[in-house]
2 protein chains.
Amino acid sequence: MSNIQLDDLDRAILRLLKSDARLTIAEISNKIGKPESTVHFRIKKLQEKGIIDKYTIILGEPLKPKHLAFIILEVGRPIIEDFLERYVEYITKTLSALPGVLFVAKSGPDKIIALVGKNDKEELLKFIEDNIKSIPTLKNVVVLPVSEIRKGEDIAGFLAEV
Amino acid sequence: MSNIQLDDLDRAILRLLKSDARLTIAEISNKIGKPESTVHFRIKKLQEKGIIDKYTIILGEPLKPKHLAFIILEVGRPIIEDFLERYVEYITKTLSALPGVLFVAKSGPDKIIALVGKNDKEELLKFIEDNIKSIPTLKNVVVLPVSEIRKGEDIAGFLAEV
């Protein structure tokens, strides 16, 4: 972050594209009061520098899971310590392939964080019970149902799969 | 999800737009072997039905925080139970306004989940120590540094602020 020189104009353009990536050069030029050629040049530079990585869509209500839960899995340390990494890797891979699992990350040597989304609470809890709590070699599973998203609320529509 | 009828063509279009929302109708038409008029009509419908909610950009490496951590905050139950909601609300609001806090959600009556991103590990830990662990009325704080994202890895570039 610190090596990147972004001025107010770059930031204004990035914010506009974040809110609507379909805005045309002309529309952006209008909104920020700078010539189209400037806007065009800046966007080109932002793309070349990799500051804009991708253009994507956020899925709306009909495809967005209504109920989310973060799940913290703690993997039990096996008698042969060396197997821990393999266990964590196996569970990470298994989780990633399950339908409705939106996000999976490793945390430290023995923990995994997952975000799961389903359309109703019962389905979500049943899924966790059947598919996650049943994974062997787990020492502990903490389920944190999301009751209200305050920041980053588009996360479900962004991560949802088609 | 169940009320929405999406066929293979809709899904193919959505997947293409997810991977690159700048694809033109002609390019999509080419990739999936259907007439441009069909693609145009389908995208129009997907937007009208709110299945495509927004078009956005994902920020790349230069603006993406390199180190992420999930933080689970448990708020202590006050003597006057009724104050718990107010405490949780206050902390949620405070967290959401802090720089580098990418995501904040409430979980149940007394827990808050946050995702924090900074450019180096020390900065991240110092930030948590100074700005989060110091919040009064907290009963417990669990910090889960993200060591590897396996699914949903664009999350930081999506949530990062400019």
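All values derive from a computational prediction rather than experimental measurement.

(A) Looking closely at the sheet that holds strand β2 (residues 67-75) of chain B. Strand order in the open sheet made by the 5 strands is β6(A)-β3(B)-β4(B)-β2(B)-β5(B), with antiparallel pairing throughout. The strands lining the two open edges of the sheet, one partner per strand, are β6 (148-151) of chain A together with β5 (138-145) of chain B. The sheet shows a mean angle of 20° between the axes of neighbouring strands, taken without regard to direction. Strand direction decides the pairing type here: β6(A) and strand β3 (residues 101-107) of chain B, joined by 3 bridges, are antiparallel. Bridge pairing in β3(B) links Glu148(A) to Lys106(B). Helix α4 (residues 83-97) of chain B rests against β6 of chain A together with β2, β3, β4 (111-118) and β5 of chain B of the sheet, and its axis sits at about 165° to β3(B). Together, β2, β3, β4 and β5 of chain B form the strand contacts of helix α5 (residues 121-132) of chain B, whose direction differs from that of β2(B) by roughly 20°.

(B) A look at the pairing of strand β2 (residues 67-75) of chain A. Residues and elements named next belong to chain A. Burial analysis of β2 places 8 of its 9 residues in the buried class, which makes it a mostly covered element. Looking at chain direction, β2 and strand β5 (residues 138-145) are connected through 7 bridges and run antiparallel. Residue pairing for β5: isoleucine 71 is matched across the bridge by valine 143.

(C) Broad picture of the nonpolar core. Among the nonpolar cores identified, the biggest contains 40 residues, and Leu14(A) and Leu14(B) are the most heavily contacted of them. Those elements that place two or more of their residues in this core are α1 (8-19), α3 (36-48) and β1 (52-59) of chain A together with α1 (8-19), α3 (36-48) and β1 (52-59) of chain B. In contact with Leu14(A), not counting residues within four places along its chain, are Leu6(A), Leu46(A), Ile51(A), Ile52(A), Ile57(B), Leu59(B), Leu63(B) and Val162(B). Membership of the second largest hydrophobic core comes to 32 residues, among which are Ile58(A), Ala156(A), Ile58(B) and Phe70(B).

(D) A look at the sheet that holds strand β6 (residues 148-151) of chain B. Within the open sheet, the 5 strands sit side by side as β5(A)-β2(A)-β4(A)-β3(A)-β6(B). Their pairing is antiparallel. Strands with a single pairing partner mark the edges of an open sheet, and in this sheet they are β5 of chain A together with β6 of chain B. Sheet twist, expressed as the average angle between the axes of neighbouring strands with direction ignored, equals 20°. Against the sheet, helix α4 (residues 83-97) of chain A touches β2, β3 (101-107), β4 (111-118) and β5 of chain A together with β6 of chain B, its axis set at about 165° to β3(A). Most of the contacts of helix α5 (residues 121-132) of chain A go to β2(A), to which it runs at about 20°, and overall it touches β2, β3, β4 and β5 of chain A.

(E) Spatial organisation of the packing of helix α2 (residues 25-32) of chain B against α3(B). All names here are of chain B. Where α2 contacts α3, the two axes come as close as 9 Å, and the packing angle between them is 110°. The angle between the axes of α2 and α3 places the two elements in the roughly perpendicular class. Here the hand of the crossing between α2 and α3 comes out right-handed. Judged by residue contacts, Ile25, Ala26, Ile28, Ser29 and Ile32 of α2 engage Glu36, Val39, His40 and Ile43 from α3. Split by residue class, the contact of α2 with α3 holds 6 nonpolar, 2 polar and 1 charged.

The rules behind the values
Residues numbered from 1 in each chain as written. Chains lettered and ligands numbered in written order. Predicted model: local features only at pLDDT ≥ 70, side-chain atom pairs only at ≥ 80, totals over all residues. Heavy atoms only, no water. Pairing = 2+ DSSP bridges. Helix = DSSP H or I, 4+ residues; strand = E, 2+ residues; numbered from the N terminus. Axes fitted to C-alpha atoms, helices over the stretch in contact; angles between N-to-C directions. Contact = heavy atoms within 4.5 Å. Buried < 20%, exposed > 50% of the residue type's maximum accessible area, 1.4 Å probe, protein only. Core = buried A, V, L, I, M, F, W, Y, C linked by side-chain atoms within 4.5 Å. Parallel < 35°, antiparallel > 145°, perpendicular 65-115°, else oblique. Left-handed = near helix turned anticlockwise from the far one by under 90°. Nonpolar A, V, L, I, M, F, W, Y, C, P; charged D, E, K, R; others polar.

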